[in-house]
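Working through the structure, step by step
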Amino acid sequence: MPSAPREFRYRAFLSYSHVDEKWGRWLHRALESYRVPRALTGEAEKGSAPPARLGRVFRDREELSASHDLGSEIRRALNDSETLIVVCSPNAARSRWVNEEVLTWKLMGRGERLYAVIVEGEPHATNLARECFPPALRHELDSSGNLSERIAEPMAADARDSGDGRQNALLKLIAGILGVTYDSLRRRDEEARARSFRHKMALATMLALIFAGLAAAAGWFAWQSNRERARAQANLDTATAAATSMVLDIGNELKNVEGMQRSTLLTIQERAQALLDQLAEGQELTVAGRRARAVSLVLTSKVLSQSGDVAAAISAANDALERIRQLTDAHPDDLGLLRDLARALETLGDHLGSSGDDESALHHYRAALAIYDRLLSASPSDGDLARTVSGLWSIMGAVLREDRKAAREAFQQAIAVLDRLFPEDSNALRTDDMRARAEEGLSNLAWKEGDVKTAETHARTVAEIRRRLADANPGDSWHLGLLASATSRLSGILRDRDAIGEALDNLNESTRINRRLYLLDPGNLQTGAMLVANIIDAADTKRAAGDRDGALVAYTEATVLAEELVAKSQDDTKTKLLLATLLMKRGTLEQRSGLAEASRRSLSRASALAATVTPPDPMAPIAAKIVSALDQTTSQ
């Protein structure tokens, strides 16, 4: 009778250098929290069907921190683990303990259950400083249990941006642990993510239906006799409170879900507004109902702006602002309404800034800041409010960019607000987000002033914070987008000091993120424009390095995407000028490469686009500069 399969205490033992602590934490968390797609049940190619979760993963730096006998504890943990996972980098290759753990595992005769995750460096590198495999991983054991000259080829997942990337590397690793094919797991994982997204949408629909029922009930009670008026009021307030909650939850939670398209979110917002309008039929809305309608309009304006319709966004935000002002005029001591008023002013300022009207944007920002300062004086321990104030100071610093002294003071004020937060405030990730904004502003100012060293220092801090936030919020498109912006900006600074290799690494990371986000949400024109800018940067870098053919290929790809954005953007000025600038770069290179006809077409199209942007459009001066540059190019 065959013996029962051995049961292990740990699904895996995670071995890594303490220098790679962040990778160890990420992998530990990702493995233990991973939900195996239910569709995989019964599909395992070896062993039993996969469980719902992988189970416990042993991380020696965490679980042995208090041990006095590391050797025996590690051997015991290795023996109690089903698989060994090695985080491979030059740090791991030089680590005595990582090498000992791999060697011990092989001596136990379990080399077939050993997996490598490459995070930095190269396996079997000719330059030993770049080698990422420790000796015990690079070589097979001989019959005596010593390392031989035979090269080992462990199952490896490449988490580098130039390889599989984090998510695909994780899936490759999990597929090996479960004994299923990578393609099968990836397909099932994508299906599971899609189901999760549909569940979120179903939840939103359910909330809408619940609210509709509450609204109907409230409307019924509102028509009762005068002695029932108090009861009717209570029901109406319940309905509108549900509306406000639904609008805020859907708007603020689902908007950052990776794969949530702006058109879908806009549809949800419009339905919420329609339900709110039902409350007003035949009766006057209460304060709660009017507030819910205004808050919904603010969120709708944000979605419209992200979809490229800035004019509609400004109109919706103005409507919301007027509604909230009427409420605050009637209830001047209601702090909740005052906070809504400040948010509406800030949002309208954002949209005006997007349209190029910086002066009006600053006017609304200062009005919002005056309200926020009043609220913060009343509640100095309100961490969320302090972070909001810090964020607004950073936005003002960006708008004040031409007045560098005032801009620097604004960014420094943003950091000072965060430094005054009470020690017991625990939302460190949100505080990091605000600090990154201010650091980013200081980096941009230093870069413009030619202080590349200071600019790089700040930019590295921003990229580090953004990467940490993206890791802590997996699937959050907002944080991924900010990471893409941070790595793109760092890439530009690194190019300025001729660190081309590292610059391209950061640019590739930014491009990969933006391409992924744009494919998931092709209606997000801001992400599309970021992707175009990434591809242009790559083309410029190739051009500077003398690779004309590579640059032309990249410019052509960027042109196709930019033309698509222009068609989607309803003649948005910024999008047209982005395409005009790109075509000017492309046409100039085609001219120098002897492609006269292609150059003529590119430059002619660029000129036609720029010529459509005329006063009073705030972008007209930029368009005029493009036209002037084009005239000089074509006259040569």
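Further up the page is the structure itself.
My aim in this report is to walk through the structure given alongside it, one point at a time. (Residues numbered from 1 in each chain as written. Predicted model: local features only at pLDDT ≥ 70, side-chain atom pairs only at ≥ 80, totals over all residues. Heavy atoms only, no water.)

**What about unusual backbone geometry?**
The following threshold applies: Note on conventions: DSSP H or I runs of at least 4 residues are helices, E runs of at least 2 residues are strands, and numbering of each starts at the N terminus.
Omega for the peptide link from Pro615 to Pro616 comes to 10 degrees, which places this bond in the cis form. Relative to the helices and strands, Pro616 resides in the loop between α24 (596–611) and α25 (620–635).

**Some thoughts on the state of the cysteines**
Test applied: Any two cysteine sulfur atoms lying within 2.5 Å of each other are counted as a disulfide.
Taken as a whole and assessed by the stated rule, the structure comprises 0 disulfides. Take Cys88: it sits in no disulfide, and the sulfur closest to it among the cysteines is that of Cys132, at 5.3 Å.

**Some details on the nonpolar core**
Here is the rule: What makes a nonpolar core is a set of buried Ala, Val, Leu, Ile, Met, Phe, Trp, Tyr and Cys residues whose side-chain atoms join them at distances within 4.5 Å. In this scheme, a residue with accessible area under 20% of its type's maximum is buried, one over 50% is exposed, and one in between is partly exposed, where area comes from a 1.4 Å probe on protein chains only.
Membership of the largest hydrophobic core comes to 44 residues, with the highest contact counts inside it found for Tyr365, Ile371 and Tyr372. Only α11 (287–306), α12 (310–330), α13 (335–354), α14 (358–378), α15 (383–399), α16 (404–419) and α17 (428–448) provide two or more residues apiece to this core. Broken down by element, this core gets its largest block of residues, 9 residues, from α14. Counting residues in each nonpolar core, the second largest holds 32 residues, with Leu552, Leu579, Val613 and Leu630 among its members.

**Re the side chain of Ser491**
Stated formally: Note on definitions: a residue-residue contact is assigned when non-hydrogen atoms from the two residues lie within 4.5 Å.
Residue position: Ser491 is located in helix α19 (residues 477–496). On the basis of relative accessibility, which here comes to 0%, the residue Ser491 falls in the buried class. Residues in contact with Ser491, not counting those within four places in the same chain, are Ala503, Asn506 and Leu507.

**Looking at the environment of Thr328**
For clarity, the threshold we go by: N or O atoms closer than or at 3.5 Å make up a polar contact, with two conditions inside protein: a donor-capable atom paired with an acceptor-capable one, and, for residues adjacent in sequence, both atoms drawn from side chains.
With respect to the element layout, Thr328 can be found in helix α12. Expressed as a C-alpha distance, the spacing of Thr328 and Arg339, which sit 11 residues apart in the sequence, is 9.9 Å. Once residues within four sequence positions are removed from consideration, Thr328 is found in contact with Leu337, Leu338 and Leu341. From its side chain, Thr328 meets the backbone oxygen of Arg325 in a polar contact 3.0 Å long.

**Some words on the packing of aromatic side chains**
Filter applied, for reference: Between 30 and 60 degrees the pair is tilted, below 30 it is stacked and above 60 it is edge-to-face, where a pair is any two Phe, Tyr or Trp rings, Trp via its six-membered ring, whose centres lie within 6.5 Å.
This model, assessed by the stated rule, comprises 3 aromatic pairs. Seen in terms of ring centroids, Phe13 and Phe58 are 5.1 Å apart; in terms of plane orientation they differ by 25 degrees. Their pairing is stacked. On the criterion of sequence distance, the pair formed by Phe13 in strand β1 (residues 10–15) and Phe58 in strand β2 (residues 57–59) is long-range, its members being 45 residues apart. Each member of the pair Phe13 and Phe58 is classed as buried. Measuring from ring centre to ring centre gives 5.7 Å for Trp23 and Trp26, while their planes differ by 85 degrees; the resulting arrangement is edge-to-face.

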